[in-house]
Amino acid sequence: MSVRIDETDRKILVELQRDASQSLDEIAARVGSSKTPVWNRIRKLKGAGIIGQQTVLLDAEALGFEATFFVLIRTSEHEAEWQKHFLKALRDRPEVQEAHRLAGDIDYILKVRVKNARAYDAFYQALISEVRVYNVTALLSMEEIKSTTMLPLDALAEN
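Quick caveat: nothing in here was measured; it's all calculated off a predicted structure. (Residues numbered from 1 in each chain as written. Predicted model: local features only at pLDDT ≥ 70, side-chain atom pairs only at ≥ 80, totals over all residues. Heavy atoms only, no water.)

Turning to the side chain of Arg93, a few remarks are in order. In this structure, Arg93 sits in the loop between helix H4 (80-91) and strand E2 (96-101). Among all residues touching Arg93, those that are not within four sequence positions of it are Phe123, Ala126, Leu127 and Glu130. (Helix = DSSP H or I, 4+ residues; strand = E, 2+ residues; numbered from the N terminus. Contact = heavy atoms within 4.5 Å.)

This next bit is on the pairing of strand E1 (residues 67-74). Within E1, six of the eight residues are buried, which leaves the element mostly enclosed by the surrounding structure. Judged from the seven bridges that link them, E1 and strand E3 (residues 108-114) form a sheet pairing that is antiparallel. Residue pairing for E3: Val71 is matched across the bridge by Leu110. Pairing between E1 and strand E4 (residues 135-140): six bridges, direction antiparallel. If you follow Phe69 over to E4, its bridge partner there is Leu140. (Buried < 20%, exposed > 50% of the residue type's maximum accessible area, 1.4 Å probe, protein only. Pairing = 2+ DSSP bridges.)

The next point concerns the domain arrangement of the protein. As assigned here, the protein comprises domain 1 (7-55) and domain 2 (61-141). Its C-alpha centre places domain 1 at a distance of 35 Å from the equivalent point of domain 2. (Domains from an automatic or database assignment.)

Our next topic: the environment of Asp92. Relative to the helices and strands, Asp92 is located in the loop between H4 and E2. At 2.5 Å, the side chain of Asp92 and the side chain of Lys88 are in polar contact. (Polar contact = N/O pair within 3.5 Å; in protein donor to acceptor, adjacent residues only side chain to side chain.)

Taking the numbering used here, the UniProt-annotated feature "domain: HTH asnC-type" (unreviewed entry) corresponds to residues 5-66. Taken as a whole, residues 5-66 contains 53% helix and 0% strand, while its terminal C-alpha atoms sit 39 Å from one another. (UniProt positions renumbered as here; feature names shortened; annotations may be inferred.)

Below, the structure is given as structure tokens:
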């Protein structure tokens, strides 16, 4: 972290994580400051890359995306060209909400959100027709216990 985060910055970040649609007046009142200093701090945090894209969280189930699959991928391919092609295939697919390269027996894990099992199969068939993989295991999430985009900012106060 190149920018020093003080207690007021941390409080502002907590408020923005909680609800980024709040007005500057609301944020300022909650953090015990006034509007202009809060705006200046937010600009500083954006400029430092700490605050990124602001977006809206949609209810996937309300929109009909009822199935979440965690897809474990093993590959015997580790060349740069294969990886470039594979990563492009993942980035081009809107069903892939997250993709991580792992240490250990599994090379990649994907979080894939689709309407149902048939939609997952279409995603799977398209992926394996485009990129060669050694083994794919799909795990259907039966229930989402916790999902958050909020970082544990209290840990910043401890430093």
